[in-house]
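A structural walkthrough
Here is what each chain is made of, one letter per residue.
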Amino acid sequence: MTKEIQARERILNAAKKLFSKKGYEKVTVREIAKEANCSHTSIYVYFKDKRNLLEELAKRPLDTLLKEMNSILTNDAFSPKQKLIRISQTFVHFGLCHRNLYQAFINYDASRVDIMATKWELNEKRLQLFESLKAAVAKNFPEWDKSQLLEFSRMLYYMLHGIIMTYKDVEERVIEIERRVFPIVKKSVNYLVKGVKTSESSQGVSSYL
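Report follows, based on the coordinates. Source: prediction; values computed, not measured.

**Description of the overall build of the chain**
- Per the secondary structure count, the chain includes 10 helices and 0 strands.
- Starting at the N terminus and ending at the C terminus, the chain contains elements arranged as α-α-α-α-α-α-α-α-α-α.
- If you line up the chain on its principal axes, its C-alpha atoms span 65 × 40 × 30 Å.
- In the chain, buried positions account for 44% of the 209 residues.
- Total accessible area computed for the chain in this model is approximately 11,800 Å², and 51% of it derives from carbon and sulfur atoms.
- Across the chain, the mean location of the 36 positive side-chain charges is 3 Å away from that of the 25 negative side-chain charges.

Below, the structure is given as structure tokens:
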């Protein structure tokens, strides 16, 4: 490993440690430099700014999550509802595994999901994740228009996000949390899908959402 690669990895590790401990917005480039045992100006040799550091840290985890979600989405062994449940559980698993960085990875300076144009690569990955979630919803409601799909997908995301944030500061092991939470995610998705379909048949989805 060259000195340049070593320095870059040292800076990334320092940023990850500080972002996890203090939160992305509270950490300065000078603090990262001190933790990485380098000058703050040397950080700009490898990274454009602090946002670029976050982007580099988030890239691999988000790519892995997107790959897992799309794998579920294209697996014909699962029914549409099973796909939605599994994708929801996969997102919760991601959030719990990265709970110290979850808000920075998913929420910091995020674009609206109904506006696809963005200049930040990290937001492009976030939008791709939401599109995968929306695609899973669409398989359950193929007759819906874009507005209905967006509303239900947002509602589902808010629920999943709330579950993750509930355990953000808990030291409990992920597997122990998931034993309790995954059945709740499954029931919640079942209730949401069943509730909307029941309402749809009686008074229309727009009145339900």
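**Examining the packing of aromatic side chains**
- This model, assessed by the stated rule, comprises 9 aromatic pairs.
- Ring centres 6.4 Å apart and planes at 35 degrees place the aromatic pair Phe-91 and Phe-94 in the tilted group. Of this pair, Phe-91 and Phe-94 both sit in helix 5 (residues 80–97), 3 residues apart, roughly one helical turn. Taken as a pair, Phe-91 and Phe-94 share a single burial class, namely buried.
- Between the aromatic rings of Phe-141 and Trp-144, the centroid separation amounts to 3.9 Å while the plane-to-plane angle is 5 degrees, which identifies the pairing as stacked.
- With a relative accessible area of 1%, Phe-141 lands in the buried category.
- By relative accessible area, which is 7% here, Trp-144 ends up buried.
- Within the aromatic cluster, the residues linked to one another by ring pairs are Phe-91, Phe-94, Tyr-102, Tyr-157 and Tyr-158.

**Overview of the pattern of salt bridges**
- On inspection of all chains with the given rule, the structure shows 10 salt bridges.
- The shortest N-O distance in the salt bridge between Lys-17 and Glu-35 comes to 3.0 Å. Within this pair, whereas Lys-17 is found in helix 1 (residues 3–22), its partner Glu-35 is found in helix 2 (residues 29–36), the two being separated by 18 residues in sequence.
- Overlapping salt bridges, with partners in common, bring together Arg-8, Glu-56 and Lys-59 in one network.

**A few points about the packing of helix 4 (residues 50–73) against helix 7 (residues 121–140)**
- Here helix 4 crosses helix 7 at 15 degrees, and the two axes come no closer than 9 Å. With respect to helix 7, the element helix 4 is oriented roughly parallel. Crossing hand, helix 4 versus helix 7: left-handed. Side by side, helix 4 and helix 7 meet where Leu-54, Glu-55, Ala-58, Lys-59, Leu-62, Asp-63, Leu-65, Leu-66, Met-69, Asn-70 and Leu-73 of the first sit next to Glu-121, Leu-122, Lys-125, Gln-128, Leu-129, Ser-132, Leu-133, Ala-135, Ala-136 and Lys-139 of the second.
- Residues that form the contact of helix 4 with helix 7 fall into these classes: 12 nonpolar, 3 polar and 6 charged.

**A few points about the nonpolar core**
- One finds Ile-32, Leu-84, Ile-106 and Phe-152 to be the most contacted residues of the largest nonpolar core, which totals 63 residues.
- If you list the elements that add at least two residues to this core, you get helix 1, helix 2, helix 4, helix 5, helix 6 (102–106), helix 7, helix 8 (146–166) and helix 9 (174–202).
- If one sorts the elements of this core by residue count, helix 4 sits on top with 10 residues.
- Residues in contact with Ile-32, not counting those within four places in the same chain, are Ile-11, Ala-14, Ala-15, Leu-18, Phe-19, Val-27, Ile-43 and Leu-53.

**Quick word on the environment of Gln-82**
- Within the element layout of this structure, Gln-82 appears in helix 5.
- Distance in space between the C-alpha atoms of Gln-82 and Ser-39 is 51 Å, their sequence separation being 43 residues.
- At 2.8 Å, the side chain of Gln-82 forms a polar contact with the backbone nitrogen of Ser-79.

Conventions we followed
- Once a new chain begins, its residue numbering starts again from 1 and follows that chain's sequence as written.
- This being a predicted model, a pLDDT of at least 70 is required before a residue's local features are given, and a value of 80 or more before pairs of side-chain atoms are given or counted; all residues contribute to the totals for chains, interfaces and linings.
- Side-chain metrics in this entry use all non-hydrogen atoms of the structure; hydrogen atoms and water are not considered.
- Numbering of helices and strands starts at the N terminus; helices are DSSP runs of H or I of at least 4 residues and strands are runs of E of at least 2.
- When a residue's accessible area, from a 1.4 Å probe over protein chains only, is under 20% of the maximum for its type it is buried; when over 50% it is exposed; and in between it is partly exposed.
- The protein chains shown are the only cover counted for residues, whose accessible areas, like all others here, come from Shrake-Rupley with a 1.4 Å probe.
- In this charge count, Lys and Arg are treated as positive and Asp and Glu as negative; neither His nor the chain ends contribute.
- Charge positions are represented by NZ for Lys, CZ for Arg, CG for Asp and CD for Glu.
- Ring geometry is summarised as follows: Phe, Tyr and Trp rings, the Trp one being its six-membered ring, pair when their centres sit within 6.5 Å, and such pairs are stacked at plane angles under 30 degrees, edge-to-face over 60 and tilted between the two.
- Any carboxyl oxygen of Asp or Glu that lies within 4 Å of a side-chain nitrogen of Lys or Arg is treated as forming a salt bridge with it.
- For helices, the axis comes from a line fit to the C-alpha atoms of the stretch in contact; other axes are also lines fit to C-alpha atoms, and the angle between any two N-to-C directions lies between 0 and 180 degrees.
- Any angle from 65 to 115 degrees is called roughly perpendicular, while one under 35 is roughly parallel, one over 145 is roughly antiparallel, and all others are oblique.
- Here a crossing is taken to be left-handed if its near helix is turned anticlockwise relative to the far helix by less than a right angle, and right-handed if that turn runs clockwise.
- Contact between two residues is taken to exist if any of their heavy atoms lie within 4.5 Å; hydrogens are not considered.
- Residues are grouped as follows: nonpolar covers Ala, Val, Leu, Ile, Met, Phe, Trp, Tyr, Cys and Pro; charged covers Asp, Glu, Lys and Arg; every other residue, Gly included, is treated as polar.
- In these notes, a set of buried Ala, Val, Leu, Ile, Met, Phe, Trp, Tyr and Cys residues joined through side-chain atoms within 4.5 Å is what counts as a nonpolar core.
- Any pair of N or O atoms that falls within 3.5 Å is considered a polar contact. Within protein, one atom must be able to donate a hydrogen and the other to accept it, and sequence-neighbouring residues count only if both atoms are side-chain atoms.

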